[in-house]
Amino acid sequence: MTSFASILGVAAALFIGYLMGSVPFAVVVSRAMGLKDPRSFGSGNPGATNVLRGGNKLAAILTLIGDAAKGWLAVTLAAWAAQRGLLPGAAIPLAGLGAFLGHLYPLFLGFRGGKGVATALGVLLALQPWLALATAATWLIVALVTRYSSLAAILAAIFAPFYYILGDKVAWRADALTISVIVFISVLLLARHRENIARLLAGKESRIGSKKKS
């Protein structure tokens, strides 16, 4: 594959991943089930946690699955194409980055999306399943102990790059591009949670299953 073809392949993977990530499952699921638009209550965030604040657990679960699936699918399709010589290997993690950016800045919602936790997990699941498992376990443990979804997401985002580095030559072969993508995703996750961080420090953050505090 020539350098020009590689550049085009990477750009295509990023763009297709972005379009896939732009599908707002929180809104799609809520409309399909006749529920209120998740952007109209709670945090206004089109994500699974805010859908749960609306009181429908099934809708929240379906949103979570959909948001994770689009990240997983973007990476999996890029890997499939790369294995057949249709895309360069660099397209694999970058397709995941595209899906994550699509969720944060969705084309179909005026570039106002969610925080990307589930989509990031889907990307990690496709890149390295054991990495996704360790990251998800971190989220789950913190969420169960504290009942703060935001704190669980923040700590999971911080630990994910370290898990990837620690697993090098043990569970997988790390590479510079993938670690760069994971770090970038983690930084964006933290940035998207800056208001949550402020509320956590002020003791005003909502817990899982509760309505958002005014």
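Residues numbered from 1 in each chain as written. Predicted model: local features only at pLDDT ≥ 70, side-chain atom pairs only at ≥ 80, totals over all residues. Heavy atoms only, no water.

On to the layout of surface pockets. The calculated volume of the second largest pocket comes to roughly 360 Å³. Lining the second largest pocket are 16 residues, and of these Asn45, Gly113, Lys115, Arg192 and Glu195 lie nearest its centre. The greatest single-element share of the lining of the second largest pocket, amounting to four residues, is contributed by helix α10 (residues 194-202). When grouped by side-chain class, the residues that make up the lining of the second largest pocket number two nonpolar, six polar and eight charged. (1 Å grid on protein atoms, 1.4 Å probe; cavity = no way out; pocket = protein on both sides within 12 Å on 5 of 7 lines; lining within 4 Å. Points joined across faces, edges and corners; volume = space filled by probe spheres on them. Helix = DSSP H or I, 4+ residues; strand = E, 2+ residues; numbered from the N terminus. Nonpolar A, V, L, I, M, F, W, Y, C, P; charged D, E, K, R; others polar.)

Bringing the packing of helix α5 (residues 91-104) against helix α9 (residues 176-192) into the picture now. Running from amino to carboxyl end, α5 crosses α9 at an angle of 10°, the nearest separation of the two axes being 9 Å. By the angle between their directions, the pair α5 and α9 is classed as roughly parallel. In contact with Pro93, Leu94, Leu97, Phe100, Leu101 and Leu104 of α5, α9 contributes Leu177, Thr178, Val181, Phe184, Ile185, Leu188, Leu189 and Arg192. (Axes fitted to C-alpha atoms, helices over the stretch in contact; angles between N-to-C directions. Parallel < 35°, antiparallel > 145°, perpendicular 65-115°, else oblique. Contact = heavy atoms within 4.5 Å.)

Residue placement: Ala198 occurs in helix α10. Residues Ala198 and Ala137, 61 residues apart in the sequence, show an inter-C-alpha distance of 24 Å.

This brings us to the confidence of the model for the chain. Put simply, the chain has an average pLDDT of 94, and 97% of its residues get 70 or more. Ranking the helices and strands of the chain by mean pLDDT puts α5 first, with 98, and helix α3 (residues 48-53) last, with 88. (pLDDT = per-residue confidence, 0-100.)

The next thing to look at is unusual backbone geometry. We note that Phe111 has phi near 65°; this positive angle belongs to a residue other than glycine. Looking at where Phe111 falls in the secondary structure, it is placed in the loop between α5 and α6 (117-127). The residue Lys169 is not glycine, and still its phi comes out positive at about 65°. Relative to the assigned elements, Lys169 resides in the loop between α8 (149-166) and α9.

Further remarks concern the pattern of salt bridges. Under the counting rule described, the total for this entry stands at four salt bridges. Put simply, Asp37 and Arg39 hold a salt bridge, and the shortest N to O gap is 2.6 Å. When its relative accessible area of 22% is taken as the criterion, Asp37 is described as partly exposed. Across the pair Lys70 and Asp67 runs a salt bridge whose closest N-O atoms are separated by 3.4 Å. Linking Lys70 with Asp67, this pair stays in helix α4 (residues 57-83), spanning three residues, or about one helical turn. Of the two residues, Lys70 and Asp67, both sit in the buried class. (Salt bridge = Lys/Arg side-chain N within 4 Å of Asp/Glu carboxyl O. Buried < 20%, exposed > 50% of the residue type's maximum accessible area, 1.4 Å probe, protein only.)

Turning to the packing of aromatic side chains, a few remarks are in order. Note on aromatic pairs: each is described by the distance of the centres and the angle between the planes. All chains considered together, the criterion is met by two aromatic pairs. Measuring from centroid to centroid gives 5.8 Å for Phe159 and Tyr163, while their planes differ by 20°, and the two rings are stacked. You can see Phe159 and its partner Tyr163 sitting in helix α8, four residues apart, about one turn around the helix. Between the aromatic rings of Tyr164 and Trp172, the centroid separation amounts to 5.8 Å while the plane-to-plane angle is 10°, which identifies the pairing as stacked. Summarising the burial analysis for this pair, Tyr164 and Trp172 share the class buried. Above the ring of Tyr105, the side-chain terminus of Arg192 is found at 5.3 Å from the ring centroid. (Phe/Tyr/Trp six-rings, centres within 6.5 Å; stacked < 30°, edge-to-face > 60°. Lys NZ or Arg CZ within 6 Å of the ring centre and 35° of its normal.)

Another point: α6. Those residues of α6 not exposed but buried are Ala118, Thr119, Ala120, Gly122, Val123, Leu124 and Leu127. Structurally, α6 contributes buried residues whose contacts are with α4, α5, α7 (129-146), α8 and α9.

Right, let's talk about helix α1 (residues 3-21) for a bit. Its 19 residues give α1 an end-to-end C-alpha distance of 27 Å, which sits within 8% of 27 Å, the value for a rise of 1.5 Å per residue. Those residues of α1 that fall on the buried side of the exposure criterion are Ser6, Gly9, Val10, Ala13, Gly17, Tyr18, Met20 and Gly21. The arc that holds the buried residues of α1, viewed along the axis, is 165°, so those residues lie on one side. Of the exposed residues in α1, the ones pointing more than 90 degrees away from its buried face are Phe4 and Ile7. Those residues of α1 that are buried are in contact with α4 and α5. (Expected span 1.5 Å × (residues − 1). Arc of directions from axis to C-beta.)

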